[in-house]
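# Coordinates in review
What follows is the residue order along each chain.
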Amino acid sequence: MTKYTLIIFTSALLVTTGVNADKIKGTRPVPFPSHKVATGTCPPTTAQFDLDINNVRARILNGGDMWWDNISQTNYYEVPIGSNKNSLYTGAIWIGGYDGTGALKVAGQTYRQTGSNDFWAGPISKDPGTGVTSVSNETCSKYDRFWIITKAEVEAFANGGEATAAIKDWPGNGNFINGTERQDLAPFFDADADGVYDYTKGDYPGYLITGDYTVDANVNKPVC
């Protein structure tokens with residue numbers, strides 16, 4: 001049986017969100033007793049797909065959560081495939097840290113109950129003049145998807161083959177020309193070292209570690 005290695009890249013992740021703890025044990029003070037939550041203006045993400053390799057079917061969503069269908073509340077981490085036996089219900093990205101004032105900031109997707117979402121699709125934009133960060137509905141809609149590519153097609157292209165649709169469409173850069181989005185999004189091999197992804201100049205999706213199957217998603221967390 002052929003086994004495959006999977007790599008999932010989540011790029012352009014901004015984790016400075018706004019949940020302040022009342023009290024935590026330890027030496028770092030948390031000066032704000034209230035719980036403030038940063039919310040986004042974009043609609044909740046809808047993109048999802050099933051990873052079905054190595055006899056495991058695991059559903060991935062583009063909102064920081066995984067292994068379930070958030071609409072039907074059904075778990076999708078089936079092992080082995082076809083058995084209708086799911087070993088996990090759901091999981092999500094949780095990231096926390098302290099800001100400059102010592103306040104604890106946490107981004108943690110839960111069950112999307114009552115419209116509560118902690119992650120949205122797309123890279124954050126930053127106004128070069130004011131420094132204000134934001135993400136538009138247009139950007140959210142554009143990035144509410146996954147980019148999927150295999151090691152085999154990258155190797156074929158690197159050895160002189162034709163560029164596949166996945167290679168042409170790889171989200172190597174944000175809209176950085178006007179200085180608003182990150183230049184570096186999904187990792188890529190930069191043939192001419194100019195920092196701009198362009199497959200016509202020999203650039204192609206990069207692998208940080210050895211793998212056979214790569215999935216990229218761009219998500220953000222608005223600042224509180």
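Here the structure is shown first, and the text comes after it.
About the cut-offs
- Residues numbered from 1 in each chain as written.
- Predicted model: local features only at pLDDT ≥ 70, side-chain atom pairs only at ≥ 80, totals over all residues.
- Heavy atoms only, no water.
- Phe/Tyr/Trp six-rings, centres within 6.5 Å; stacked < 30°, edge-to-face > 60°.
- Helix = DSSP H or I, 4+ residues; strand = E, 2+ residues; numbered from the N terminus.
- Buried < 20%, exposed > 50% of the residue type's maximum accessible area, 1.4 Å probe, protein only.
- Pairing = 2+ DSSP bridges.
- Contact = heavy atoms within 4.5 Å.
- Polar contact = N/O pair within 3.5 Å; in protein donor to acceptor, adjacent residues only side chain to side chain.

One pass over the structure, following the stated rule, counts nine aromatic pairs. Between Trp68 and Tyr89, the ring centres sit 5.9 Å apart and the planes meet at 65°, which makes this aromatic pair edge-to-face. Of the two residues, Trp68 is situated in strand E5 (residues 68–69) and Tyr89 in the loop between strand E7 (77–78) and strand E8 (91–92); the sequence distance between them amounts to 21 residues. When the ring of Trp68 is compared with that of Tyr111, the centres are 5.9 Å apart and the planes differ by 80°; the resulting orientation is edge-to-face.

Side chains Phe49, Leu51 and Ile53 project from strand E2 (residues 48–53) onto a buried face, and the interleaved Gln48, Asp50 and Asp52 project onto a face without burial. By the bridge criterion, six bridges tie E2 to strand E3 (residues 56–61) in an arrangement that is antiparallel. Bridging across to E3, Phe49 finds its partner in Ile60. The hairpin formed by E2 and E3 contains two residues between the paired strands, and Asn54 there has a positive phi angle of roughly 55°.

Owing to a relative accessible area of 0%, Trp68 belongs among the buried residues under this scheme. Among all residues touching Trp68, those that are not within four sequence positions of it are Arg59, Leu61, Gln73, Thr74, Asn75, Tyr76, Tyr89, Thr90, Thr110 and Tyr111. In terms of polar contacts, Trp68 uses its side chain to reach the side chain of Thr90, at 3.4 Å.

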